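# Descriptive analysis of the structure
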Amino acid sequence: MDRADVVVVGAGYAGLCAARTLRASGRDVVVLEASDRVGGRTLAARVGDGWAVDLGGQWISGAHTRFAALAEEYDAAMYAPPEGVDLLVEGVVRRPFTGARPPLPALVLVVLAQAMWRLERMAARIDLARPWTTPGADRLDAMTAATWLRRNLPERRARNLAEVMIGEELCVDVGSISMLGLLTTIRSAGGVEAGITAETVTRLFVDGADGPALAIAAELGDVVRLGAPVTSIRQRADGVRVSAASGDVHAEHVIVAVPPTLAGRIAYDPPLPAARDQLIQRMPMGSVLKAFAVYERPFWRDDRLTGQALNLHDPVPVTFDATRPGGPGVLGALVPGRAAQRLAALPASERRAMIVGALVRAFGHAAREPLEWHEKVWADDPYTRGGYGAFFPPGVLTTLGSALRHPVGAIHWAGSETATEWSGYIEGAIRSGERAAAEVLAADRSAATA
């Protein structure tokens, strides 16, 4: 049996950053990853002559300080998306616009702005460390975000736009997430203006957002074991035994850094406390599908179009330009929530035809025949089961939320969902891994002085 000070389960950004922090403090670490790759919910595919497109998480904003620090440390080159004109598409009507507000009637925009202002004020009251203690938490957690939007956005087009923006941000339908869960997510991302109503995209990675993760894994070397799904974690008086396909590892601590639904598939001995067990049973993953159409060149830029289109009545609500500097033209399509589930159920050829149809409606017939096609249905990934992250249905945060980050003996929890800031983002995953590593180090110091 192998031995280590700490076993980290999962080699996404959370697990890799936890392992990196612990190793820098002199701890022996083993990282067990079920998949045949590292990076978790980031994954770059190669198009053309090797240009990258991000099938998973890809964007970094100015507030993502830990992600930016890793990018700088590992020389991960970035670039800014093109400036120009966005599109609002409603059926056969295309309306160009610039800025964060689409060209809708003044009444629609006023009603939407008022609702967003209310969301901002409500989110500002959320205690990110303990959202279940927020005044009125029980009432907010008992209703869905859809219920709140119906009551506060009676104007249909304004409500539809809000639903599209929230769905894009969370990859979940507003009828599935609790209002308290939505407000917590908004507060975690720095407010409405930093999240669902503003253009949060500031930079993308030339060689893919998984670049720093790959660099960390290379630095850690053979302590990262791929193809090693963890089956059980057994706590005993002399430590913890973690069983995986690659063999057993005995350690003092374990950091579980996988999505909650996957953490629930591990057998624990003794069993997890009821609150923790019920929590991971009731935190489903969102649904997201990403697809990329590759063209000889970014033809849409001839008309100063950014490639970003917002479609209020289409199964593909959001498109964007994913063209790397000097590379072929790439249009990305982002399909969240229920629309992703419906498209994922279709044959691949039919799904492609529907997404390409949306690109044609936005950018014309030149989009009809892409040279290459790449897509990722994240719910089909056996070691992710959805994206961007897990969410809180009604009633979960107030009854079980306190178990989200609380260690269970020598087991500590990481992953983007456990972050208090930027939950659901790569930035949140990084911070959660560093926080879990700090917990382990603090526990060791406490034991040494006991």
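Let me begin by describing the structure that accompanies this report.

Definitions and cut-offs
- Residues numbered from 1 in each chain as written.
- Predicted model: local features only at pLDDT ≥ 70, side-chain atom pairs only at ≥ 80, totals over all residues.
- Heavy atoms only, no water.
- Axes fitted to C-alpha atoms, helices over the stretch in contact; angles between N-to-C directions.
- Helix = DSSP H or I, 4+ residues; strand = E, 2+ residues; numbered from the N terminus.
- Parallel < 35°, antiparallel > 145°, perpendicular 65-115°, else oblique.
- Left-handed = near helix turned anticlockwise from the far one by under 90°.
- Contact = heavy atoms within 4.5 Å.
- Nonpolar A, V, L, I, M, F, W, Y, C, P; charged D, E, K, R; others polar.
- Pairing = 2+ DSSP bridges.
- Phe/Tyr/Trp six-rings, centres within 6.5 Å; stacked < 30°, edge-to-face > 60°.
- Buried < 20%, exposed > 50% of the residue type's maximum accessible area, 1.4 Å probe, protein only.
- Lys NZ or Arg CZ within 6 Å of the ring centre and 35° of its normal.

### Some words on the packing of helix 1 (residues 13-24) against helix 14 (residues 426-449)
One way to put it is that helix 1 packs onto helix 14 with a least axis distance of 7 Å and a crossing angle of 40 degrees. In terms of orientation, helix 1 lies oblique with respect to helix 14. The two elements helix 1 and helix 14 cross, and the hand of that crossing is right-handed. The segment helix 1 lies against helix 14, with Tyr-13, Ala-14, Cys-17, Ala-18, Thr-21 and Leu-22 engaging Ile-426, Ala-429, Ile-430, Ser-432, Gly-433, Glu-434, Ala-437, Val-440 and Leu-441. Residue composition of the contact of helix 1 with helix 14, by class: 11 nonpolar, 3 polar and 1 charged.

### Topic: the sheet that holds strand 10 (residues 224-225)
A sheet is described by the order of its strands in space; here 5 strands give the open sequence 10-3-2-14-21, paired in parallel fashion. The outermost strands of the open sheet, each flanked by one partner alone, are strand 10 and strand 21 (411-413). One ladder, built from 4 bridges, connects strand 2 (residues 6-9) with strand 14 (residues 253-256); its direction is parallel. Considered in strand 14, the bridge of Val-9 is made with Val-256.

### Observations concerning the packing of aromatic side chains
Tallying each qualifying case throughout the model produces 10 aromatic pairs. Measuring from centroid to centroid gives 5.0 Å for Phe-67 and Phe-205, while their planes differ by 35 degrees, and the two rings are tilted. Remark: Phe-205 occurs in strand 9 (residues 204-205) and Phe-67 occurs in helix 2 (residues 65-73); sequence separation between them is 138 residues. The exposure classification of Phe-67 matches that of Phe-205, with both residues buried. Where Trp-422 meets Tyr-425, the ring centres are 5.0 Å apart and the plane angle is 85 degrees; that geometry is what we call edge-to-face. An aromatic cluster is present here, built from Tyr-295, Phe-299, Trp-300 and Phe-363 joined pairwise through their rings. Seen from the ring of Trp-59, Lys-290 lies directly overhead, with NZ or CZ sitting 5.7 Å from the centre. Over the face of the ring belonging to Trp-378 we find Lys-376, whose NZ or CZ atom lies 4.9 Å from the ring centre.

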